[in-house]
Amino acid sequence: MKILISADMEGATGVTWPADVLPGTPQWERCRSLFTSDVNAAVLGFLDGGADEVLINEAHWSMRNLLLERLDDRAQMITGRHKSLSMVEGVQHGDVDGIAFVGYHTGAGTEGVLAHTYLANSLTGVWLNGARASEGLLNARVVAEYGVPVVLVTGDDLTCADADGYAPDAHKVAVKDHVSRYAAVCRTPARTAADIRAAAKEATALAGRYEPVVGGPFTLELEFDATHLSEVATVVPGVAPSGERRVTYTSGTMYEAIRTFKAVTTIVSAAVEEQYG
Ligand SMILES: [Zn+2]
């Protein structure tokens, strides 16, 4: 049995502040260790539960944050970016039985510690077929096309509540409770590691591939914080204006939808100007 861990950083233990997750800052250096502790706890829990293989896919920013040398020797990790499935790279080869979203967070424009969807602040909302979408929801729909269940989600308490919507059966661990976008009531790494390990062990029982879900069409609507960003997004073929600072597009599969999303966010990032956005 093989488990894939998609590891994001904003939802890690003790992380509440932009500098905590911005590569190169002293705070990020410190928080890498906390992030690694959460991920390794999940690795240990899945191995306790009977997994033969655990693969970690780094999913935050440059995707070079976790401390490989502190992970259990039985795990392997995809580090670095530019991967066809981005946050859920590794799920597409037909050998993954379950996926965990570790260190996840809530979506752009909603409450939650460091809430955003892919772009730190240019996106103010993302909707999938009319429903507000977090990275967790989008990635859950992608992995469903490969017949892989989401078995574990960790993050703040609101991330767990969000996951109740897209992965009701998955085990959830709140490593902190939301106070504001940049503040949380945090629990210590020793305590959250124990919680994550125990939940991952239980969650292993949920692993098992099912028939791939064919659920299209998927219509995405994106709202930006500035008009030039929605305008530049329409450079991507198939992406059309849909209201003030909004664009929309429809894809037949989530694979296509997430790749178009990547094209839009890449081109929009290039149009963001310092301070003014
Ligand atoms: Zn994220």
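In this text, all values refer to a predicted model and were calculated from it rather than measured experimentally.

## Let's talk about the coordination of the zinc ion
For the zinc ion, the protein coordination sphere consists of Asp8 (OD), His105 (NE2) and Glu135 (OE), at 1.9 to 2.2 Å. Look at glutamate 135 and you get buried, because its relative accessible area is 2%.

## Some thoughts on the sheet that holds strand β2 (residues 53-58)
Pairing in this open sheet of seven strands is mixed, and the strands run β3-β2-β1-β4-β7-β8-β9 from one edge to the other. Whereas interior strands pair on both sides, the edge strands pair on one side only; in this sheet they are β3 (75-78) and β9 (183-186). Strand-to-strand twist of the sheet, defined as the mean angle between neighbouring strand axes without regard to direction, takes the value 25°. Its contacts with the sheet put helix α4 (residues 157-166) on β4 (98-102), β7 (150-156) and β8 (171-180), and the angle it makes with β7 is roughly 150°.

## Some thoughts on helix α7 (residues 254-269)
If you check α7, its first and last C-alpha atoms are 22 Å apart, about what 16 residues at 1.5 Å a residue would give, namely 22 Å. Within the span of α7, buried status applies to Met254, Ala257, Ile258, Thr260, Phe261, Val264, Thr265 and Val268. Each buried residue of α7 lies within a common arc of 160° when the element is viewed along its axis, so the set occupies one face.

## Some points on the pattern of salt bridges
In this structure the tally under the stated criterion is ten salt bridges. The residue aspartate 95 makes a salt bridge to lysine 2 at a minimum N-O spacing of 3.1 Å. Here aspartate 95, found in the loop between β3 and β4, pairs with lysine 2, found in strand β1 (residues 2-7); they are 93 residues apart in sequence, far enough to count as distant. By relative accessible area, aspartate 95 is classed as partly exposed at 31%. Taken together, the shared-partner salt bridges connect Lys2, Glu53 and Asp95 into one network.

Reading guide: rules and limits
Residues numbered from 1 in each chain as written. Predicted model: local features only at pLDDT ≥ 70, side-chain atom pairs only at ≥ 80, totals over all residues. Heavy atoms only, no water. Donors = N, O, S within 2.8 Å, 3.2 Å for Na, K, Ca; no water. Buried < 20%, exposed > 50% of the residue type's maximum accessible area, 1.4 Å probe, protein only. Pairing = 2+ DSSP bridges. Helix = DSSP H or I, 4+ residues; strand = E, 2+ residues; numbered from the N terminus. Axes fitted to C-alpha atoms, helices over the stretch in contact; angles between N-to-C directions. Contact = heavy atoms within 4.5 Å. Expected span 1.5 Å × (residues − 1). Arc of directions from axis to C-beta. Salt bridge = Lys/Arg side-chain N within 4 Å of Asp/Glu carboxyl O.

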